[in-house]
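Architecture at a glance
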Amino acid sequence: MPYLTKSLFLFVCLVVTGECRNHGHRVRRWTGTVETAKHGTETANHGTSLTKKPPDVTKNRKLKTEQLLKVDDHDFTMRPAFGGPAIPVGVDVQVESLDSISEVDMDFTMTLYLRHYWKDERLTFTSSTNKSMTFDGRLVKKIWVPDVFFVHSKRSFIHDTTTDNIMLRVFPDGHVLYSLRVTVTAACNMDFSRFPLDTQTCSLELESYAYTDEDLMLYWKSGDESLSTDDRISLSQFLIQKFHTTSHLAFYSSTGWYNRLYINFTLRRHIFFFLLQTYFPATLMVMLSWVSFWIDRRAVPARVSLGITTVLTMSTIITGVNASMPRVSYIKAVDIYLWVSFVFVFLSVLEYAAVNYLSTMQDRRERKMRDEIRERARSQSLPCTCGMSQTRTMILDGNYSEADTNSLAGYTSGTMVSEEDAEMPHEVMNEKQTPGEHMVVHLSVSSESTTTKKKGIRALKIIQNTHAIDKYSRMLFPGSYILFNFIYWCSYCIGA
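Scoring rules and cut-offs
- Residues numbered from 1 in each chain as written.
- Predicted model: local features only at pLDDT ≥ 70, side-chain atom pairs only at ≥ 80, totals over all residues.
- Heavy atoms only, no water.
- Helix = DSSP H or I, 4+ residues; strand = E, 2+ residues; numbered from the N terminus.
- Contact = heavy atoms within 4.5 Å.
- Areas by Shrake-Rupley, 256 points an atom, 1.4 Å probe, with all protein chains shown as cover.
- Salt bridge = Lys/Arg side-chain N within 4 Å of Asp/Glu carboxyl O.
- Buried < 20%, exposed > 50% of the residue type's maximum accessible area, 1.4 Å probe, protein only.
- Pairing = 2+ DSSP bridges.
- Axes fitted to C-alpha atoms, helices over the stretch in contact; angles between N-to-C directions.
- pLDDT = per-residue confidence, 0-100.
- Polar contact = N/O pair within 3.5 Å; in protein donor to acceptor, adjacent residues only side chain to side chain.
- Expected span 1.5 Å × (residues − 1).
- Core = buried A, V, L, I, M, F, W, Y, C linked by side-chain atoms within 4.5 Å.
- Parallel < 35°, antiparallel > 145°, perpendicular 65-115°, else oblique.
- Left-handed = near helix turned anticlockwise from the far one by under 90°.
- Patch = residues over 30% accessible without salt bridge, like charges linked within 9 Å, V, L, I, M, F, W, Y side chains within 5 Å.
- Disulfide = S-S within 2.5 Å.

**What about the overall build of the protein?**
A count of helical and extended segments in the protein gives eleven helices and twelve strands. Taking the contacts inside the protein whose residues are at least 6 apart along the sequence as the reference set, 76% of them involve residues at least 24 apart. Roughly 30,600 Å² of accessible area belongs to the protein as shown, and the carbon and sulfur atoms make up 58% of that amount.

This is the structure in structure tokens:
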């Protein structure tokens, strides 16, 4: 009985073992059929037979990059070769655009590509092709980069559309290229003493913020060729004459000496805009003020309104120019021209004031003279000369010679009238005058020579004849203004 039981148990074990083997064989056949079908489909789609599926290396890219550059094996908070000599960092710049120049704020805005070159032994890696690896700004946060900043910068930013405009390129021997696109607004100390005939020189300064010249040495990588510009750069008010580079040491009393790099550019202002907007209108206003010299002195409203209009217009021009300029404490070239023009316009108004005043005083003297002659004629029963041209009447007490009489050849003749006729209107007296009547002139003769008397009479005629002031102003004002313009433009244009 025990023997029979053992035999049955062995038989059941053999049967179970055989079934398991058959089932495993069927599974392997089904799996092979499915894989064969998949490979057939891929072969039909790609036209090639794939015998082996390639590994997905992108899953391990981050791990391989960090292992290749050994980022986690070093402390990148310290500069390369820490404790040794200063690390040289080469710099080159490509100016993309010079966006604006502001005279009011005394600054400029520039967009540029800033590139740094240095060597970091900690970033060396093995490469059979000796090719560099390029990364974006995400790796920059994990390694050491120079801490260069812009001195005298007011505003600056790194462009971030559509992503941060930062590029990092690492070579197998450890050389690094770090490039970024920056827009910076920096101060520029401008001198407006020759504005708008001025030439301005501005500079953009680069310097390490933390590392002195003992730790980091900034230098232009290729000298003057380290700075390149776009030929299409242009400004509305300036002509860009040249770009050039320089370098100096900057000293801070609390921290020490630092290497500083300069991007210098010279700008020359276009004068044509200011000729049209400032100089030409100011000149026209001055010339317009001279029109009053040809207007009759008795046309008071015309001459006064013309003078006030030109003065107010010049004030508007001066205010408009100063509104677009910084409030500097020195005199600009345009201020000299505008204020001299304003003085010429103002003097033309004063000229008419003088003419009007002298005319009024002359009329008073003539009325007083007529009254005195009338009173003297009444007391001495002498003929009255009230009907004569009063601008040619002078008083003589005593005797006079024939030479003195000849000196009065320029005087107009008048008739002798009686005291009763002196009371008549001027038109009635003119009708009563008859040809051939003699002129009575009262002169005051001294012992001076005839030549001196002629000069005195001529000077008195110029003063009394108010039209002579306008006559001489017509020549004096334009001549003086032309002389001023000649001196002004020669001084500023030749000295530029």
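**With respect to the pattern of salt bridges**
Any two side chains of opposite charge can pair if their charged atoms end up close together. Evaluated as defined, the whole model comprises 18 salt bridges. One network of salt bridges, in which partners are shared, links E103, D198 and R269.

**What to know about the pairing of strand β9 (residues 216-220)**
Only one face of β9 is covered, namely the face carrying L216, L218 and W220; the face carrying M217 and Y219 is uncovered. Of the pairings in the sheet, the one linking strand β1 (residues 87-102) to β9 comprises five bridges and is parallel in character. Looking across to β9, one finds that I87 is bridged to L216.

**Regarding the sheet that holds strand β8 (residues 199-208)**
If you trace the four strands from one edge of the open sheet to the other, you get β4-β8-β12-β11, paired in antiparallel fashion. The open sheet has two free edges, formed respectively by β4 (148-151) and β11 (238-252), since each of these has just one partner strand. The mean inter-strand angle of the sheet, taken between neighbouring strand axes irrespective of direction, is 25°.

**A word on the confidence of the model for the protein**
Confidence in the prediction for the protein averages 78 pLDDT; 68% of positions are at 70 or higher. Overall, residues 56-63 carries pLDDT values under 50, and its contacts beyond four positions in sequence, including any with other chains, amount to one contact.

**Points about the side chain of H159**
On the secondary structure map, H159 appears in the loop between β5 (153-158) and β6 (166-170). For H159, the side chain forms a polar contact with the side chain of T183, separated by 2.6 Å. Excluding anything up to four places from it in sequence, H159 contacts T111, D164, N165, R181, V182 and T183.

**Section: helix α4 (residues 272-289)**
Because an α-helix packs 3.6 residues into every turn, residues spaced three or four apart end up facing the same way. Across its 18 residues, α4 extends 25 Å between first and last C-alpha, which sits within 8% of the 26 Å expected from 1.5 Å per residue. Turning to α4, its buried residues are F274, T278, Y279, A282, T283, M285, V286 and S289.

**Quick notes on the environment of P281**
Considering the arrangement of structural elements, one finds P281 in helix α4. Given a relative accessible area of 22%, P281 falls into the partly exposed group. A sequence separation of 32 residues divides P281 from T313, and the C-alpha atoms of the two residues are 9.2 Å apart. Each residue touching P281, except ones within four places of it in the same chain, is listed here: L275, L276 and I317.

**Section: the nonpolar core**
Counting 77 residues, the largest nonpolar core has V93, L98, F108, L168 and L204 as the members making the most contacts within it. Apart from the residues within four sequence positions on either side, V93 is in contact with L112, Y113, L114, W220, S226, L227, S228 and I263.

**Remarks on the packing of α4 against helix α5 (residues 300-323)**
Helix-helix packing is characterised by the crossing angle of the two axes and by the distance between the axes. The N-to-C vectors of α4 and α5 enclose an angle of 165°; their axes lie 9 Å apart at closest approach. As the angle between them shows, α4 and α5 are arranged roughly antiparallel. Handedness of the crossing formed by α4 with α5: left-handed. Seen from α4, the contacting residues are T278, P281, A282, M285, L288 and S289; seen from α5, they are L306, T310, T313, M314, I317 and V321.

**Quick word on a nonpolar patch on the surface**
A surface patch of nonpolar side chains, amounting to about 310 Å² of accessible area, comprises V300, V304, I308 and L312. The exposure class assigned to V300 is partly exposed, which follows from its relative accessible area of 33%.

**Notes on the state of the cysteines**
Tallied over the entire structure, the rule returns one disulfide. Covalently, C188 is tied to C202 through a disulfide, its sulfur atoms 1.9 Å apart. Here the S-S torsion is close to -80°, and the disulfide linking C188 with C202 is therefore left-handed. Separated by 14 residues along the polypeptide, C188 in the loop between β7 (175-187) and β8 and C202 in strand β8 bring together distant segments of the chain. The pair formed by C188 and C202 is uniform in burial state, with each residue classed as buried. Of the cysteine sulfurs around C490, a residue in no disulfide, the closest is that of C493, at 7.8 Å.

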